[in-house]
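Notes for the structure review
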Amino acid sequence: VDTVRYTPVPRKQEGVFTVGWIGSPSTSVYLSELAQPLAQLGREGPVRFVVVGGHSPAIEGVEVVNMPWSEDTEVDLINTFDVGVMPLFDDAWARGKCAFKLIQYMACGVPVIASPVGANVDVVDGACGLLATGPDAWLAGLRRLRDERSLRQSFGLAGRQRVEQLYSLDSTLPVMAKTIKSVAAG
């Protein structure tokens, strides 16, 4: 990602706990993994679920905000999230996904929770986010990040650093250029 474009902003200090997801209509099927944990969280206090580029049905006790995706608003929307999520089913298709949305969230300093499927396992380490399998683990992770502001901050900082080191244009372009030159040379 372009870490000049994807940048963190100061986080709000109070208000509704906001969980965010960016995807497409075809990948919004994965959001079913979050319905039960978010509903429980909504029974405990105010929760907003911002869905960008896909659609989430109503979740009892949760303010669901379905937003169209736009390159112009994507970074601003990510920066409204307290936590970014990437639920997946464990199937061949999902194991081939690249975890790009996690990298986008992390570039903006947003802590993450993801299913431990495919590239998610490589992108999320214990310093920048949580991996969750099943409704109980999702609920525990969401509660933890809702309740521990300092953990959100430390995960966000660590995620940004991880992106700068491993997934930014600045870190990957020299490697790619060297590889291309090596292949071209023969």
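Here, the structure is the one placed above.
The numbering scheme is per chain: residues are counted from 1 as the chain's sequence reads. pLDDT decides what is reported in this predicted model: residues at 70 or higher carry local features, side-chain atom pairs at 80 or more are listed and counted, and totals for whole chains, interfaces and linings draw on all residues regardless. Neither water nor hydrogens contribute to the side-chain values; these are computed over all heavy atoms in the structure.

What follows is about the overall build of the protein. Helix and strand definitions follow DSSP, with helices as H or I runs of at least four residues and strands as E runs of at least two, each counted in order from the N terminus. Counting secondary structure elements, the protein contains 8 helices and 6 strands. In the protein, the order of α-helices and β-strands from amino to carboxyl end is β-α-β-β-α-β-α-α-β-α-β-α-α-α. Atoms counted for the radius of gyration: C-alpha only. Globule rule: 2.2 Å times residue count to the power 0.38. For the protein, whose C-alpha radius of gyration is 17 Å, the value lies close to the compact-globule estimate of 16 Å for 186 residues. For the C-alpha atoms alone, the extent of the protein along its principal axes is close to 60 × 35 × 30 Å. Relative to its 186 residues, the protein shows a buried fraction of 45%. Contacts were defined at the residue level, with two residues in contact if any of their heavy atoms lie within 4.5 Å. Taking the contacts inside the protein whose residues are at least 6 apart along the sequence as the reference set, 67% of them involve residues at least 24 apart. Positive and negative side-chain charges in the protein, numbering 17 and 20 respectively, have mean positions lying 3 Å apart. Each residue's exposure class comes from its accessible area (1.4 Å probe, protein chains only) as a fraction of the maximum for that residue type: buried when under 20%, exposed when over 50%, partly exposed otherwise. Positive charges come from Lys and Arg, negative ones from Asp and Glu, while His and the chain ends are left out of the count. Charged side chains are reduced to one point each, which is NZ for Lys, CZ for Arg, CG for Asp and CD for Glu.

What follows covers the pairing of strand β4 (residues 83–86). A two-sided burial pattern is seen for β4, the buried positions comprising Val 83 and Val 85 on one face and Gly 84 and Met 86 on the other. Two strands qualify as a pair provided DSSP detects at least 2 bridges between them. Looking at chain direction, strand β1 (residues 17–22) and β4 are connected through 2 bridges and run parallel. The residue of β4 that forms the bridge with Val 19 is Val 83. Pairing geometry for β4 and strand β5 (residues 112–114), over 3 bridges, is parallel. Looking across to β5, one finds that Met 86 is bridged to Ala 114.

Turning to the pairing of strand β2 (residues 47–52), a few remarks are in order. Of all 6 residues that make up β2, 5 are buried, and the element is covered over most of its length. Viewed with both strands pointing away, a crossover whose connecting path from the first strand over the helix to the second turns clockwise is right-handed. Crossover β1 to β2 through helix α1 (residues 35–44) is right-handed. Two elements, β2 and strand β3 (residues 63–67), share 5 bridges in a ladder whose sense is parallel. Considered in β3, the bridge of Arg 48 is made with Glu 63.

Take a nonpolar patch on the surface next. Side chains of Leu 169, Leu 173, Met 176 and Ile 180 sit close together on the surface and give an oily, nonpolar patch of about 380 Å² of accessible area. Counting through the fold element by element, Met 176 comes out in helix α8 (residues 169–185). Any residue with relative accessible area above 30% and no salt bridge may belong to a patch, with like charges joined within 9 Å and the nonpolar Val, Leu, Ile, Met, Phe, Trp and Tyr side chains within 5 Å. Note on areas: these come from Shrake-Rupley sampling with a 1.4 Å probe, and a residue is covered only by the protein chains present in the view. By convention in these notes, a salt bridge is any Lys or Arg side-chain nitrogen within 4 Å of a carboxyl oxygen on Asp or Glu.

With that settled, the discussion passes to the packing of aromatic side chains. Put simply, two rings from Phe, Tyr or Trp (the six-membered ring, in Trp's case) pair if the centres are within 6.5 Å, and we call them stacked under 30 degrees between planes, edge-to-face over 60, tilted for the rest. One pass over the structure, following the stated rule, counts 2 aromatic pairs. Relative to Phe 89, the ring of Tyr 30 has its centre 5.0 Å away and its plane inclined at 65°; by these criteria the two rings are edge-to-face. Remark: Phe 89 occurs in the loop between β4 and α3 (92–95) and Tyr 30 occurs in the loop between β1 and α1; sequence separation between them is 59 residues. For Phe 89, a relative accessible area of 26% translates into the label partly exposed. Look at Phe 81 and Tyr 105: their rings are 5.9 Å apart centre to centre, the planes differ by 70°, and that puts the pair in the edge-to-face class. Pair noted here: Phe 81 is in the loop between α2 (74–78) and β4 and Tyr 105 is in helix α4 (residues 100–107), with a separation of 24 residues, a long-range link. A relative accessible area of 1% means that Phe 81 is categorised as buried.

Before going further, it helps to examine the packing of α1 against helix α6 (residues 134–147). In a pair of packed helices, the angle between the axes and the distance between the axes together describe the arrangement. Direction vectors running N to C along α1 and α6 enclose 40°, while the axes themselves pass 8 Å from each other. With respect to α6, the axis of α1 lies oblique. Here the hand of the crossing between α1 and α6 comes out right-handed. Here Gln 36, Pro 37, Leu 38, Gln 40, Leu 41 and Glu 44 of α1 lie close against α6, whose contacting residues are Pro 135, Trp 138, Leu 139, Leu 142, Arg 143 and Arg 146. Under the scheme applied here, ten amino acids are nonpolar (Ala, Val, Leu, Ile, Met, Phe, Trp, Tyr, Cys and Pro), four are charged (Asp, Glu, Lys and Arg), and all others, including Gly, are polar. Classifying every residue of the contact of α1 with α6 by side-chain character gives 7 nonpolar, 2 polar and 3 charged. Inter-axis angles, ranging from 0 to 180 degrees, are taken between N-to-C directions of lines fitted to C-alpha atoms, where helices are fitted over the stretch in contact. Angles below 35 degrees are treated as roughly parallel, those above 145 as roughly antiparallel, those between 65 and 115 as roughly perpendicular, and all remaining angles as oblique. Handedness of a crossing is defined here by the sense of rotation of the near helix relative to the far one, left-handed for an anticlockwise turn of less than a right angle and right-handed for a clockwise turn.

Time to look at the nonpolar core. The set of buried Ala, Val, Leu, Ile, Met, Phe, Trp, Tyr and Cys residues whose side-chain atoms join them within 4.5 Å is what this entry labels a nonpolar core. Counting residues in hydrophobic clusters, the biggest one holds 54 residues, and the most contacted among them are Leu 38, Phe 49, Val 85, Leu 102, Tyr 105, Ile 113 and Leu 142. In contact with Ile 113, other than residues within four places in its own chain, are Val 83, Gly 84, Val 85, Met 86, Leu 102, Leu 130, Ala 132, Trp 138, Gly 141, Leu 142 and Leu 145.

Treat this as a map of the structure, not an account of what it does.
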